[in-house]
Amino acid sequence: MGDYKDVLKRLALYRKHLGLTQNELASKAGINQVVYSYIEKGHVLISGRLLIKFDSIGLSVDSLISGKTYGYKACDLDTAMNSIAADRIKDFTLKLLTEIMVSEFNKNSAVLSDNFLLLKALCNSWNDFSMLRFVRSRLKLNQIDMAEYLGLSIKKYRALERENIYPDAEMLLYLYNISHYQPALFMNMPDRKLQIIKSVWENFSPEKRVILLECVASIKKCIEGL
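Summarised in this report is the structure supplied together with it.

1. Section: helix α12 (residues 169-179)
And step 1. Extensive coverage of α12 is indicated by the burial of 8 of its 11 residues.
And step 2. Considered for burial, the residues of α12 that qualify are A169, M171, L172, L173, L175, Y176, N177 and S179.
And step 3. Structurally, the start of α12 carries an N-cap: the backbone nitrogen of E170 is 3.1 Å from a side-chain oxygen of D168.
And step 4. Of the residues one or two after α12, H180 is the one with positive phi, at around 65°.

The structure is reproduced here in structure tokens:
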């Protein structure tokens, strides 16, 4: 299991890999250099807001927390989705694609992987999806028990589950350790839905993936033609 000290070591390592001083990274992240110094020494926790800011400037949340990268092989799907400019159309297309994938997987697979169960949960809630609620359901805990399990007040836990706030780096590391799901998924990054879809993309045969891509093209053509 990962330790928070490892997160801090990776933070310093990635900063140096980007060729940035503490002052330069602090400036990019919109914080004081002294505060950043305290963060790198472990005297101040990396907040959820700062994790997201770090990610936007090249310090990946996934790499910082887990030491891993999540490079799913779905270049063809990326190309298809990048061809859709409007966010509204892209989200609608992803929703229909998810429903098709879940339906197909339910028909043809007796064993449901963790990533597929995650995709199914996303499909069932979509705009109301909460990664923390999904993990809690997998642990079969109610909100009060989950809050106690994480050492949080029920008020703070509910805010985290509703994604009104995001976990700091220490809490995110703990969530990763108990769930083993991609850390950035707890932060609701802009590409979270696509990342979850891509996590099961390779489970489909090449022939099925071609059909799914044709579905994406057809949905796009239909909507843009309205």
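2. A word on the layout of surface pockets
And step 1. Considering only enclosed or pocket space, the largest pocket measures out at about 390 Å³ in volume.
And step 2. In terms of lining, the largest pocket is formed by 24 residues, of which the most central are D91, N188, P190, R192 and K193.
And step 3. Among the secondary structure elements, those contributing two or more residues to the lining of the largest pocket are α7 (87-108), α11 (154-161) and α13 (192-201).
And step 4. Per element, the largest residue contribution to the lining of the largest pocket is 4 residues, and it comes from α7.
And step 5. Taken together, the residues of the lining of the largest pocket sort by class into 8 nonpolar, 4 polar and 12 charged.

3. Digging into the nonpolar core
And step 1. In terms of nonpolar packing, the biggest core is built from 72 residues, with I46, L51, F54, I65, L77, M101 and M131 touching the most fellow members.
And step 2. Setting aside residues up to four positions removed in sequence, L77 forms contacts with L97, L194, I197, K198, W201 and L213.

4. Thoughts on helix α1 (residues 4-17)
And step 1. With 14 residues, α1 extends 20 Å between its outermost C-alpha atoms, agreeing within 8% with the 20 Å of an ideal straight helix rising 1.5 Å per residue.
And step 2. At the N-terminal boundary of α1, the capping side chain belongs to D3, with an oxygen 2.8 Å from the backbone nitrogen of K5.
And step 3. Just downstream of α1, G19 is the residue with a positive phi angle, here 75°.

5. Some details on empty space enclosed by the protein
And step 1. All told, the structure shown has 1 cavity of 30 Å³ or more when counted by the stated rule.
And step 2. Volume-wise, the largest cavity comes out at about 60 Å³.
And step 3. Among the residues forming the lining of the largest cavity, the class breakdown is 8 nonpolar, no polar and 1 charged.

The rules behind these values
Residues numbered from 1 in each chain as written. Predicted model: local features only at pLDDT ≥ 70, side-chain atom pairs only at ≥ 80, totals over all residues. Heavy atoms only, no water. Buried < 20%, exposed > 50% of the residue type's maximum accessible area, 1.4 Å probe, protein only. Helix = DSSP H or I, 4+ residues; strand = E, 2+ residues; numbered from the N terminus. Polar contact = N/O pair within 3.5 Å; in protein donor to acceptor, adjacent residues only side chain to side chain. 1 Å grid on protein atoms, 1.4 Å probe; cavity = no way out; pocket = protein on both sides within 12 Å on 5 of 7 lines; lining within 4 Å. Points joined across faces, edges and corners; volume = space filled by probe spheres on them. Nonpolar A, V, L, I, M, F, W, Y, C, P; charged D, E, K, R; others polar. Core = buried A, V, L, I, M, F, W, Y, C linked by side-chain atoms within 4.5 Å. Contact = heavy atoms within 4.5 Å. Expected span 1.5 Å × (residues − 1).

In short, geometric facts, not functional conclusions.
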